[in-house]
Amino acid sequence: ALISLRQLLDHAADNSYGLPAFNVNNMEQVQAIMQAADQVDSPVILQGSAGARSYAGEPFLRHLIAAAIEMYPHIPVCMHQDHGATPGVCFRSIQSGFSSVMMDGSLLADGKTPASYEYNVNTTKQVVDLAHACGVSVEGELGCLGSLETGKAGEEDGHGAEGELDHSMLLTDPDEAADFVTKTQVDALAIAIGTSHGAYKFTSKPSGKVLRIDRVKEIHQRIPNVHLVMHGSSSVPEDWLAIINQYGGDMGQTYGVPVDEIVEGIRNGVRKVNIDTDLRMASTGAIRKHLAEDRKNFDPRKFYKEATKAMQAICAARYEAFGAAGMA
Ligand code: G3H
Ligand code: 13P
Ligand code: NA
Ligand code: ZN
């Protein structure tokens with residue numbers, strides 16, 4: 001059944017778990033996520049970006065989600081729009097039947113330039129006013145995602161601020177978060193605590209803590225009724241990176257967010273954890289390996305099946321780790 005993000009995350013908060021929100025663009029991703037959720041009995045957040053809508057086409061994306069809901073009627077599914085760059089993008093998603101939208105007013109409509117606080121409040125509030133009248137939830141974002149080491153947003157993903165960011169933007173301010181929520185009435189808030197989008201998050205293997213969990217705790221104390229969201233939360237699996245490079249790929253050495261740090265975030269109030277890169281890497285690795293090992297094959301179903309299996313394993317592992325298994 002289709003349910004709103006507010007309903008889904010209220011349940012997560014009441015039962016102290018977190019939900020991964022996986023990005024979807026095609027059928028195999030949707031199937032992998034649903035199969036994993038069915039296997040471990042977890043609720044589901046499927047999220048589509050504006051890029052997903054232009055890749056698949058609005059009717060295809062809408063019907064993929066409808067197919068997931070029809071095939072798994074016992075699983076609660078939230079259909080969430082990821083990173084709306086303008087109110088218009090959010091309104092189109094509401095019209096398309098999404099039960100939740102993100103208005104990312106932390107950046108201007110170009111998706112690159114950090115926006116003023118006033119711009120963020122105004123655009124987000126516009127979306128909340130209309131969305132809530134339609135029973136649709138809204139996620140906002142405050143702060144700019146980027147590495148606390150380098151001050152840079154993640155590379156090669158196309159999402160995030162360009163150039164070097166002012167250090168104060170890289171950590172969401174708890175007082176500003178409280179004011180933002182009062183003014184906008186968002187249901188969920190994406191916060192900056194040291195993550196960044198894409199595969200290239202950390203250049204060396206994290207030895208200590210990479211996230212500012214103390215900041216999560218402070219923000220959660222100020223706005224306990226707003227569900228906290230962590231973007232850029234792929235763990236960048238070392239085994240899939242190795243497989244990609246072993247079978248002809250050329251990814252640079254890189255590290256993601258350790259799963260146990262995400263779990264610590266969940267213990268301190270994080271309820272939604274955005275993951276895209278991990279599934280991209282698993283499917284690319286599985287396809288490269290299959291094609292290298294079975295050079296006579298030209299039936300795409302065979303390699304798509306391997307990709308689906310690889311993504312499913314990651315989804316199931318995240319549902320288990322985040323405490324969402326058994327919660328559907
Ligand atoms: O944060 C963005 C997600 O990874 C979606 O990326 O715009 O390429 O679909 P996309
Ligand atoms: P990753 O690039 O870490 O998977 O993050 C995805 C994301 O935040 C989508 O909004
Ligand atoms: Na989002
Ligand atoms: Zn994101």
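Quantities reported herein were computed from a predicted structural model and do not represent experimental measurements.

**Let's talk about the overall build of the chain**
Check the secondary structure of the chain and you find 12 helices and 8 strands. Taking 2.2 N^0.38 as the reference for a compact globule, 328 residues should give roughly 20 Å; the C-alpha atoms of the chain span a radius of gyration of 19 Å, in line with that estimate. Seen through its principal axes, the chain has C-alpha atoms that stretch 60 × 45 × 35 Å. Here the chain holds 328 residues, and 51% of them are scored as buried.

**Some details on the sheet that holds strand β8 (residues 270-275)**
Strand pairing in a sheet relies on backbone hydrogen bonds, with the paired strands running either antiparallel or parallel. One closed barrel accounts for 8 strands, arranged β1-β2-β3-β4-β5-β6-β7-β8; its pairing is parallel. Ignoring strand direction, the axes of neighbouring strands in this sheet form an average angle of 25 degrees. As judged from the 4 bridges shared by strand β1 (residues 19-23) and β8, these two strands associate in the parallel manner. Counted as the bridge partner of F22 is I275 from β8. Helix α1 (residues 5-14) rests against β1, β2 (44-48), β3 (77-84), β4 (100-103), β5 (137-142), β6 (188-191), β7 (227-230) and β8 of the sheet, and its axis sits at about 120 degrees to β8.

**With respect to the confidence of the model for the chain**
Within the chain, residue pLDDT values average 96, and 98% of them lie at 70 or more. Our summary of model confidence lists the complex with pTM equal to 0.97 and ipTM equal to 0.97.

**Side note on the site of ligand 1**
The full set close to ligand 1 counts 11 residues, and S49, G51, H159, H197 and D276 are the nearest of them. Counting residues per element, the ones that place at least two in the shell around ligand 1 are α3 (50-56) and β3. The class makeup of the residues in the shell around ligand 1 is 1 nonpolar, 7 polar and 3 charged.

**Focus: the site of ligand 2**
In the vicinity of ligand 2, 14 residues are found, and the nearest of them are H231, S234, N274, D276 and T277. Of all elements in the fold, only β3 and β8 reach the threshold of two or more residues within the shell around ligand 2.

**Looking at the UniProt feature "active site" (unreviewed entry) in the chain**
When the UniProt feature table is mapped onto this chain, "active site" (unreviewed entry) is found at D82. Structurally, D82 can be placed in strand β3. With sequence-adjacent residues up to four places away left out, D82 is seen in contact with N23, Q47, G48, S49 and M102.

**Comments concerning helix α12 (residues 300-321)**
Along its 22 residues, α12 runs 32 Å from first to last C-alpha, staying within 8% of the 32 Å computed at 1.5 Å per residue. Taken residue by residue, α12 has E306, A307, T308, A310, M311, Q312, I314, C315, A316, R318 and Y319 as its buried positions. Each element contacted by the buried residues of α12 is listed here: β1, α2 (27-40), β8 and α11 (277-293).

**Thoughts on the nonpolar core**
In this structure, I33, L46, V101, L189 and C315 are the most contacted members of the largest nonpolar core, which totals 92 residues. With 7 residues, the top contributor of residues to this core is α12. Apart from residues no more than four positions distant in its own chain, C315 is found in contact with F22, A32, I33 and A36.

**Description of the packing of helix α6 (residues 117-133) against helix α7 (residues 174-184)**
Remark: α6 packs on α7, axes separated minimally by 9 Å, with the N-to-C direction vectors making an angle of 35 degrees. Judged by the sense of rotation from one axis to the other, the crossing of α6 with α7 is right-handed. Of α7, the residues touching α6 (which contributes Y117, V121, T124, K125 and V128) are E176, F180, K183 and T184. Class assignment for the residues of the contact of α6 with α7 results in 4 nonpolar, 2 polar and 3 charged.

**Focus: the UniProt feature "binding site: Zn(2+) 2" (unreviewed entry) in the chain**
Residues annotated in UniProt with the feature "binding site: Zn(2+) 2" (unreviewed entry) correspond here to D104 and E141. Over a stretch of 38 residues, the named residues converge on one spot in the fold, their C-alpha atoms separated by at most 5.4 Å. Position of D104 relative to the elements: it lies in the loop between β4 and α6. In this structure D104 comes out as buried when scored by C-beta crowding, with 25 C-beta atoms within 10 Å. Setting aside residues no more than four positions away along its own chain, D104 makes contact with H83, G84, A85 and E141.

**Focus on the environment of G232**
When you line up the elements, G232 lands in the loop between β7 and α9 (238-246). In this structure, the C-alpha to C-alpha distance between G232 and G194, residues 38 residues apart in sequence, is 9.1 Å.

**Focus: the packing of α7 against helix α8 (residues 213-222)**
Put simply, α7 and α8 touch, their axes get as near as 9 Å, and they point 35 degrees apart. The way α7 lies across α8 gives a crossing that is right-handed. Across the interface between the two elements, P174, A177 and A178 of α7 pack against E218, I219 and R222 of α8. Split by residue class, the contact of α7 with α8 holds 4 nonpolar, no polar and 2 charged.

**Regarding unusual backbone geometry**
Here H83, not a glycine, exhibits a phi torsion of approximately 45 degrees, which is positive. For H83, the location among the structural elements is in strand β3. Of note, the phi angle at V236 is positive, near 50 degrees, even though the residue is not glycine. With respect to the helices and strands, the residue V236 is situated in the loop between β7 and α9. Accessibility expressed as a C-beta count within 10 Å gives 20 for V236, which makes it buried.

Rules of the game
- Residues numbered from 1 in each chain as written.
- Chains lettered and ligands numbered in written order.
- Predicted model: local features only at pLDDT ≥ 70, side-chain atom pairs only at ≥ 80, totals over all residues.
- Helix = DSSP H or I, 4+ residues; strand = E, 2+ residues; numbered from the N terminus.
- Rg over C-alpha atoms; globule rule 2.2 N^0.38 Å.
- Buried ≥ 20, exposed ≤ 12 C-beta atoms within 10 Å, placed from the backbone.
- Pairing = 2+ DSSP bridges.
- Axes fitted to C-alpha atoms, helices over the stretch in contact; angles between N-to-C directions.
- Contact = placed C-beta atoms within 7 Å.
- pLDDT = per-residue confidence, 0-100.
- Near = placed C-beta within 6 Å.
- Nonpolar A, V, L, I, M, F, W, Y, C, P; charged D, E, K, R; others polar.
- UniProt positions renumbered as here; feature names shortened; annotations may be inferred.
- Expected span 1.5 Å × (residues − 1).
- Core = buried A, V, L, I, M, F, W, Y, C linked by C-beta atoms within 7 Å.
- Left-handed = near helix turned anticlockwise from the far one by under 90°.

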